[in-house]
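# Architecture and fold: a report
As a plain string of letters, each chain reads:
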Amino acid sequence: MAKVKFTTHLVRYFPTLENPTTAEGNTVADVVNNLNKTYPGLADYIVDERGVLRKHVNIFVRGDLIHDRQTLQDPVTLEDEIFIFQALSGG
């Protein structure tokens, strides 16, 4: 399973979220969907209702920013490390 790390911002809203955690999947979309099964509602912070990555969220796989923000079809392997980063904005 891929190792998934989160910013502490998401951990604040999901106190039972293990950070890091692991998730199965062949694509980033698979990983997000499987994380949502374990932590219901988590995907809502990551993707919108169409499954598109939210504007202020970035996902890195193997240290590289994913390319497919629309369908999250970037490939993931069992050995990969994924970092889900939700930027904070405001004034």
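Before going into details, it helps to say that this report is about the structure given with it. Please read these numbers as outputs of a predicted model, since none were measured by experiment.

Here we take up the pattern of salt bridges. Counted according to the given criterion, the structure contains four salt bridges. A salt bridge links Lys 3 to Glu 81; its shortest N-O distance comes to 4.0 Å. In this pair, Lys 3 sits in strand β1 (residues 2-6) while Glu 81 sits in strand β5 (residues 81-86), placing the two residues 78 residues apart along the sequence. A salt bridge links Asp 80 to Arg 62, with the shortest nitrogen-to-oxygen separation between them at 2.5 Å.

Next up on the list: unusual backbone geometry. Cis geometry is found at the peptide bond from Asn 19 to Pro 20, where omega equals 10 degrees. As for its placement among the helices and strands, Pro 20 is situated in the loop between α1 (8-13) and β2 (21-23). For Arg 62, which is not a glycine, the phi torsion comes out positive at approximately 55 degrees. In this fold, Arg 62 is placed in the loop between β3 (57-61) and β4 (64-65). Phi is positive for Leu 72, close to 55 degrees, though the residue is something other than glycine. Position of Leu 72 among the secondary structure elements: in the loop between β4 and β5. When its relative accessible area of 2% is taken as the criterion, Leu 72 is described as buried.

Residues of β3 alternate between two faces, with Val 57, Ile 59 and Val 61 buried on one and Asn 58 and Phe 60 left unburied on the opposite face. In this sheet, β5 lies alongside β3 in antiparallel orientation, the contact comprising five bridges. Bridge assignment links Val 57 to a residue of β5, and that residue is Gln 86. As paired elements, β3 and β4 share two bridges and run antiparallel to each other. Note on β4: the bridge partner recorded for Val 61 is Asp 64.

So, about the packing of aromatic side chains. Going through the model one piece at a time under the given rule, you end up with three aromatic pairs. Aromatic pair Phe 14 and Tyr 45: ring centres 5.5 Å apart, planes at 85 degrees, arrangement edge-to-face. Note that Phe 14 is positioned in the loop between α1 and β2 and Tyr 45 in helix α3 (residues 42-46), a separation of 31 residues in sequence. Ring centres of Phe 83 and Phe 85 lie 6.1 Å apart, and the angle between their planes is 40 degrees; on these two criteria the pair is classed as tilted. Clustering of aromatic rings is evident, with ring pairs tying together Tyr 13, Phe 14 and Tyr 45.

Definitions and limits used
- Throughout, a residue's number is its position along its own chain's written sequence, starting from 1.
- Where local features are concerned, this predicted model is filtered to residues with pLDDT of at least 70; where side-chain atom pairs are given and counted, the filter is 80 or more; whole-chain, interface and lining totals use all residues.
- Each side-chain value is derived from all of the structure's non-hydrogen atoms; neither hydrogens nor water enter the calculation.
- For this analysis, a salt bridge means a side-chain nitrogen from Lys or Arg found within 4 Å of a carboxyl oxygen belonging to Asp or Glu.
- For helices the rule is a DSSP run of H or I covering at least 4 residues; for strands it is a run of E covering at least 2, with both sets numbered from the N terminus onward.
- Burial classes follow relative accessibility: with a 1.4 Å probe on protein chains only, a residue under 20% of its type's maximum area counts as buried, one over 50% as exposed, and anything between as partly exposed.
- Pairing between two strands requires that DSSP report at least two bridges joining them.
- Under the pairing criterion, centres of Phe, Tyr and Trp rings, with the six-membered ring standing for Trp, must be within 6.5 Å; the plane angle then separates stacked pairs below 30 degrees from edge-to-face pairs above 60, leaving the rest tilted.

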